[in-house]
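Now for the letters of each chain:
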Amino acid sequence: TFAEIGSRSTVPGANDNLSGVATLLGVARLLRERPVRGLRVLLVSTGSEESFMEGMQAFARRHFASLPTESTHVVCIDTVGSPTLMQLEGEGMLVMRDYPAAFKDLLSAAAEEAQVPLVRGLRFRNATDGLIALKAGYPTVMLGSLNRYKVPDNYHWPTDTADNVDYGT
């Protein structure tokens with residue numbers, strides 16, 4: 001597997017991961033225009049997810065000690081440029097770890113209130129940056145997107161370009 005990965009060049013990454021970064025920038029703009037009193041928001045784009053989440057692990061080493069688990073929640077947003085928005089129920093390579101039910105339900109209720117269709121019921125046998133926070137005890141959810149085959153469009157292919165991102169999602 002590693003030889004096959006190493007034999008290919010990198011891909012543009014418009015759906016994976018730039019769509020998540022664009023979402024963070026949109027959230028930043030909305031929070032600047034309509035700040036939420038009493039809420040501190042950190043918008044973090046760690047990078048290096050494919051290399052065993054090195055960016056999120058570095059963020060965790062540097063900042064988790066100052067972020068209390070009882071008042072810090074993590075929403076992992078990655079690969080949201082496919083037609084259907086989805087919320088994972090859990091993830092993990094060797095051990096499936098479910099996200100906290102109350103936080104998943106809160107996010108789903110917010111999507112419903114905003115009339116944003118959101119698919120649930122899926123688990124991921126790999127890992128996202130959300131897994132680092134979840135394992136550290138933070139209430140965490142992961143938002144992504146998928147196509148009719150339940151996979152992200154153009155995932156890790158040279159066709160993962162801005163022209164092929166579903167901006168409506």
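Everything quoted here is computed from the prediction, not taken from an experiment.

Q: Would you take a moment to explain the nonpolar core for this structure?
A: Soluble, globular proteins show a tendency: their nonpolar side chains are buried together. If you look at the biggest cluster of nonpolar residues, it comprises 20 residues, and the most contacted ones within it are Met56, Phe64, Leu88, Ile132, Ala133, Tyr138 and Met142. Mapped by element, the contributors of at least two residues to this core are helix H3 (54-63), strand E1 (74-77), strand E2 (84-91), helix H5 (130-135) and strand E5 (140-146). Top contributing element to this core by residue count: H5, with 4 residues. Met56 has contacts with Thr46, Gly47, Phe64, Asp129, Ile132 and Ala133, leaving out every residue within four places of it along the chain.

Q: So what exactly am I meant to see when it comes to the confidence of the model for the protein here?
A: Interpretation of the predicted coordinates at a detailed level should be avoided for regions scoring low in pLDDT. Of all residues in the protein, 96% attain a pLDDT of 70 or more, and the chain-wide mean is 92. Helix H4 (residues 101-113) holds the highest mean pLDDT among the elements of the protein, 97, whereas helix H1 (residues 2-6) holds the lowest, 71.

Q: Whenever I open this one, helix H2 (residues 14-33) confuses me. Can you help?
A: Every buried residue of H2 is accounted for by Ala14, Asn15, Asp16, Ser19, Gly20, Leu24 and Gly26. Where H2 is buried, its residues contact E1 and E5.

Q: Mind showing me how you'd approach the pattern of salt bridges here?
A: Where charged atoms from two side chains of opposite charge approach closely, those side chains can pair. Overall, the coordinates contain 5 salt bridges when judged by the stated rule. We note a salt bridge from Asp98 to Arg123, for which the minimum N-O separation is 3.1 Å. Taken together, the positions of Asp98 in strand E3 (residues 97-98) and Arg123 in strand E4 (residues 119-124) put the pair 25 residues apart, joining distant regions of the chain. A relative accessible area of 42% places Asp98 in the partly exposed class. On the basis of relative accessibility, which here comes to 44%, the residue Arg123 falls in the partly exposed class. With a shortest N-O distance of 3.0 Å, Arg120 and Asp105 are connected by a salt bridge. With a gap of 15 residues between them, Arg120 in strand E4 and Asp105 in helix H4 connect regions that are remote in the sequence. Taken together, the shared-partner salt bridges connect Glu89, Lys104, Asp105 and Arg120 into one network.

Q: For this particular structure, what's the right way to read the packing of aromatic side chains?
A: Aromatic rings in a pair are described by how distant their centres are and how their planes are angled relative to each other. Summed over all chains, the structure comprises 2 aromatic pairs. The interplanar angle of 85 degrees and the centroid separation of 6.1 Å between the aromatic rings of Phe59 and Phe64 together place this pair among those described as edge-to-face. Each member of the pair, Phe59 as well as Phe64, is classed as buried. Centroid distance Phe64 to Tyr138: 4.6 Å. Interplanar angle 55 degrees. Geometry classified as tilted. Within this pair, whereas Phe64 is found in the loop between H3 and E1, its partner Tyr138 is found in the loop between H5 and E5, the two being separated by 74 residues in sequence. Assigned by exposure class, Phe64 and Tyr138 land together as buried.

Q: Teacher, can you tell me more about H3 here?
A: Owing to its 3.6 residues per turn, the α-helix brings residues three or four apart onto one side. Residues of H3 that are buried include every one of Gly55, Met56, Phe59 and Ala60, and no others. Buried residues along H3 cover an arc of 140 degrees about the axis, so they all sit on one side. For H3, exposure combined with an orientation more than 90 degrees from the buried face picks out Arg61 and Arg62. Buried positions along H3 lie against H5.

Parameters and conventions
- Residues numbered from 1 in each chain as written.
- Predicted model: local features only at pLDDT ≥ 70, side-chain atom pairs only at ≥ 80, totals over all residues.
- Heavy atoms only, no water.
- Core = buried A, V, L, I, M, F, W, Y, C linked by side-chain atoms within 4.5 Å.
- Buried < 20%, exposed > 50% of the residue type's maximum accessible area, 1.4 Å probe, protein only.
- Helix = DSSP H or I, 4+ residues; strand = E, 2+ residues; numbered from the N terminus.
- Contact = heavy atoms within 4.5 Å.
- pLDDT = per-residue confidence, 0-100.
- Salt bridge = Lys/Arg side-chain N within 4 Å of Asp/Glu carboxyl O.
- Phe/Tyr/Trp six-rings, centres within 6.5 Å; stacked < 30°, edge-to-face > 60°.
- Arc of directions from axis to C-beta.

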